[in-house]
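Residue strings, one per chain:
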Amino acid sequence: MTLLWGLIGLAWFYSPSLCVEGNPCEGTYKFLNESDRSGLIKSDLSKCDGTDLHGKWGWFRVSGDAGNALASNVPRSGTCGTEIRAYLEDAHPSFGVGKLTLTFCTATKSKSCQAKRDLEVINCGEFYLYNLFKFKENCNSKYWRYCTNGIADDKCTGDKCANGKRCVLKDNGNQHECVDAPSSGTQPQMMPPAEDPFSSNPCLNGSSCNNNSDPYTCLFGYSGDNCHINNYEGKILRIKSTAVQESNKIAILRQS
């Protein structure tokens, strides 16, 4: 019986397990802070994120002269420093709801929403985070860029709230409000998104990896470009088979 439970325990140890991603609000993120990203400012249309953000994709915060959020209205033609202008079609999430998948549009000279894509967004309280990715292949034919709102990034700076309350953004960064500070943490923990060629975490089997890092860090027992190879699959099957055989032997002995 001891051998049986030992084999079952070993099989469980090498089986896939769930992985919980840390809170991006408390992790490392990058910044969009260029003033010419604003959908309010006319600028030279020569910028392209396919080049400017190459190798930097992942969680970004809008700050400084760029504003405090991605644009939530169609950026006017001639703004944002580019031809194809990306902006959020959906309203930003409220604080405390965790990571949401919203829709963003790409505007061109002739169409206000030529194409739609999904984008992960989090309201971290004092700021928003966006899981930016390369939504067009290159910058050879048309320049494209994520556009921002250009609203002064001071809604939650300084001592905005009294009595221990916390300042959080709302209304797409146009307003702020004071809320009770959570007792622990700022956001619920979240699972990583499903496999996506544009995702910042394309790994499988609960492993952790990033398009910008090499090599990937795979969960123990897995390998491959996207942690898709189970190094112990054959061993697990043999262990489970042995465990079943031992269980059958015990059952036969009990019957005899």
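As a reminder, the structure under discussion sits directly above these lines.
Residues numbered from 1 in each chain as written. Predicted model: local features only at pLDDT ≥ 70, side-chain atom pairs only at ≥ 80, totals over all residues. Heavy atoms only, no water.

Visitor: Give a description of the overall build of the protein that names residues and reports values.
Guide: Scanning the protein from terminus to terminus reveals three helices and eleven strands. From first element to last, N terminus to C terminus, the protein shows the α and β order α-β-α-β-β-β-β-β-β-β-β-β-β-α. Here the protein holds 256 residues, and the buried ones make up 41% of them. By sequence separation, contacts in the protein at least 24 residues apart represent 60% of the contacts at least 6 residues apart. As displayed, the protein offers around 14000 Å² of accessible surface, 51% of which is attributable to carbon and sulfur atoms. (Helix = DSSP H or I, 4+ residues; strand = E, 2+ residues; numbered from the N terminus. Buried < 20%, exposed > 50% of the residue type's maximum accessible area, 1.4 Å probe, protein only. Contact = heavy atoms within 4.5 Å. Areas by Shrake-Rupley, 256 points an atom, 1.4 Å probe, with all protein chains shown as cover.)

Visitor: Any chance you could break down the side chain of Arg145 for me, citing the residues and the numbers?
Guide: Its location among the elements puts Arg145 in strand E7 (residues 144-146). If we ignore the near neighbours within four places in the chain, the residues touching Arg145 are Glu34, Asp36, Arg37, Lys47, Asp49, Cys80, Gly81, Thr82, Ile84, Arg85 and Ala86.

Visitor: Quick one: what's the story with the pattern of salt bridges, residue by residue and with numbers?
Guide: A pair can form between side chains of opposite charge whenever their charged atoms are brought close. Inspection of the entire model under this criterion finds ten salt bridges. Its salt-bridge partner being Lys142, residue Glu83 comes within 3.6 Å of it at the nearest N-O pair. Residue Glu83 is found in the loop between strand E2 (58-62) and strand E3 (84-88), and its partner Lys142 is found in the loop between strand E6 (128-132) and E7; the two are separated by 59 residues along the sequence. For Glu83, a relative accessible area of 30% translates into the label partly exposed. Via salt bridges that share partners, Glu34, Asp36, Arg37, Lys47, Asp49 and Arg145 belong to a single interconnected network. (Salt bridge = Lys/Arg side-chain N within 4 Å of Asp/Glu carboxyl O.)

Visitor: Please provide a residue-by-residue account of the packing of aromatic side chains, values included.
Guide: The full count for this structure, using the stated rule, is ten aromatic pairs. Aromatic pair Phe104 and Tyr146: ring centres 5.8 Å apart, planes at 50°, arrangement tilted. Of this pair, Phe104 sits in strand E4 (residues 100-107) while Tyr146 is found in strand E7, placing the two residues 42 residues apart along the sequence. Residue class for Tyr146 comes out buried when judged on its relative accessible area of 1%. Chaining the aromatic ring pairs together yields one cluster made of Trp57, Phe104, Phe133, Phe135, Trp144 and Tyr146. (Phe/Tyr/Trp six-rings, centres within 6.5 Å; stacked < 30°, edge-to-face > 60°.)

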